[in-house]
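Structural characterization, general
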Amino acid sequence: MNELTQNIQKMMVPEAAIIAYKYEDRRNSNTRYFIELRPIGKSGQMGAGIPVTYEFMNTLLESYTEEMSEIPAGRVPENMLACNPRKGQEEYIWYNPPGKRQMFFHKDLNIQDGIFNLPGIIYHVKNGSMDVFAFKGKRPVETTPLFRAPFFNVTGSSICLGSSSLEKPQNPTFLSLLGYWEKRFWLTEFSHLGGNVNPTVSNLVIVTENIRNNPFDMNELKPMNKKLKDILP
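- Under an unreviewed UniProt entry, the name given to the protein is Prokaryotic E2 ligase family D protein, and the source organism is Bacteroides difficilis.

Written out as structure tokens, the structure is:
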């Protein structure tokens, strides 16, 4: 269950309303503001207004600052394809060019951990969930076809991340946020076929063992019948 689903299922009960008043003195061009707090009863009716205290505003500001601390900032990486950092609408799409990765496997697969040659990978994070795709070439464009990611733990394109002890970075940069999601995927033990479906043309165990010392065979990729532009916001 992702964070958005959890928040939707919570019962939100209104406690108070903040009303801001604006007063303009046209004689000397002064503008003043007054803020009052009106409690809301169980029936939904607002009570009498009371002045807002410094303690209340400080608590409100601390809560807002804590939520905003999770919004990434800084230089946008060159491999970022799309991003929406707005709170509650977070969505990030980026890619890794073909290269090598350390991979870890559950003992039942009888595949030794090691470094493997991989095709290009596209990551899509939205509402706390993660999808991965493979692509051919070094850098994807809008018309680039997407293929099934040739890995265990992936159902269609959806990743089974399992339980992770990684903590999400506070006051993250875009680089640290993308790094956090990549680690959640690559540091997880690969253990099973997602949906009991083989994502490659040949047996995935054989494909994985072959790319330990050889380049990835692009003929092993299965098409997803969609292009990059189909997942871009």
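**Concerning the overall build of the protein**
- Counting its secondary structure elements, the protein contains 4 helices and 13 strands.
- A burial count over the protein gives 33% of its 233 residues as buried.
- For the protein, the share of sequence-separated contacts (at least 6 apart) that also reach a separation of at least 24 residues comes to 56%.
- Put simply, the protein shows about 14900 Å² of open surface, and 52% of that area lies on carbon and sulfur atoms.

**Here's the deal with the packing of aromatic side chains**
- By the definition in use, this model includes 11 aromatic pairs.
- On the numbers, 6.2 Å between centres and 65° between planes, the contact of Trp186 with Phe190 is edge-to-face. Here the two residues Trp186 and Phe190 agree in accessibility, since each one is buried.
- An aromatic cluster is present here, built from Phe105, Phe116, Phe151, Phe185, Trp186 and Phe190 joined pairwise through their rings.

**Topic: the pairing of strand β5 (residues 91-96)**
- Taking burial as the measure, the 6 residues of β5 include 6 buried ones, the bulk of the element.
- Going residue by residue along β5, you find Glu91, Ile93 and Tyr95 tucked away on one face and Tyr92, Trp94 and Asn96 tucked away on the opposite face as well.
- Summarising the sheet, strand β4 (residues 80-84) and β5 pair through 4 bridges and their orientation is antiparallel. The partner of Cys83 across the bridge, within β5, is Tyr92.
- Between β4 and β5, which follow one another and run antiparallel, lie 6 residues, and Gly88 among them has a positive phi close to 85°.
- Sheet analysis places β5 next to strand β8 (residues 120-126), joined by 6 bridges and oriented antiparallel. By the bridge assignment, Ile93 is partnered in β8 with His124.

**Let's talk about the environment of Glu24**
- Tracing the backbone through its elements, the reader meets Glu24 in strand β1 (residues 16-25).
- Setting aside residues up to four positions removed in sequence, Glu24 forms contacts with Asn30 and Thr31.

**Overview of the pairing of β8**
- Buried residues dominate β8, accounting for 6 of its 7 residues.
- Sheet topology places β8 next to strand β9 (residues 129-135); 7 bridges connect them, and they run antiparallel. In the sheet register, Val125 faces β9, and the bridge partner there is Met130.
- Between β8 and β9, which pair antiparallel and follow one another directly, the connecting turn spans 2 residues, one of which, Asn127, has a positive phi of 55°.

**Considering the sheet that holds strand β2 (residues 30-39)**
- Strand order in the open sheet formed by 3 strands is β1-β2-β3, with antiparallel pairing between adjacent strands. Single-partner strands in this sheet number two, and they are β1 and β3 (50-51).
- In this sheet, β2 lies alongside β1 in antiparallel orientation, the contact comprising 10 bridges. When the sheet's bridge partners are listed, Asp25 is paired in β2 with Asn30.

**Description of empty space enclosed by the protein**
- Taken as a whole and judged by the stated rule, the model has 1 cavity of 30 Å³ or more.
- Residue composition of the lining of the largest cavity, by class: 4 nonpolar, 2 polar and 1 charged.

What counts and what doesn't
- Residues numbered from 1 in each chain as written.
- Predicted model: local features only at pLDDT ≥ 70, side-chain atom pairs only at ≥ 80, totals over all residues.
- Heavy atoms only, no water.
- Helix = DSSP H or I, 4+ residues; strand = E, 2+ residues; numbered from the N terminus.
- Buried < 20%, exposed > 50% of the residue type's maximum accessible area, 1.4 Å probe, protein only.
- Contact = heavy atoms within 4.5 Å.
- Areas by Shrake-Rupley, 256 points an atom, 1.4 Å probe, with all protein chains shown as cover.
- Phe/Tyr/Trp six-rings, centres within 6.5 Å; stacked < 30°, edge-to-face > 60°.
- Pairing = 2+ DSSP bridges.
- 1 Å grid on protein atoms, 1.4 Å probe; cavity = no way out; pocket = protein on both sides within 12 Å on 5 of 7 lines; lining within 4 Å.
- Points joined across faces, edges and corners; volume = space filled by probe spheres on them.
- Nonpolar A, V, L, I, M, F, W, Y, C, P; charged D, E, K, R; others polar.

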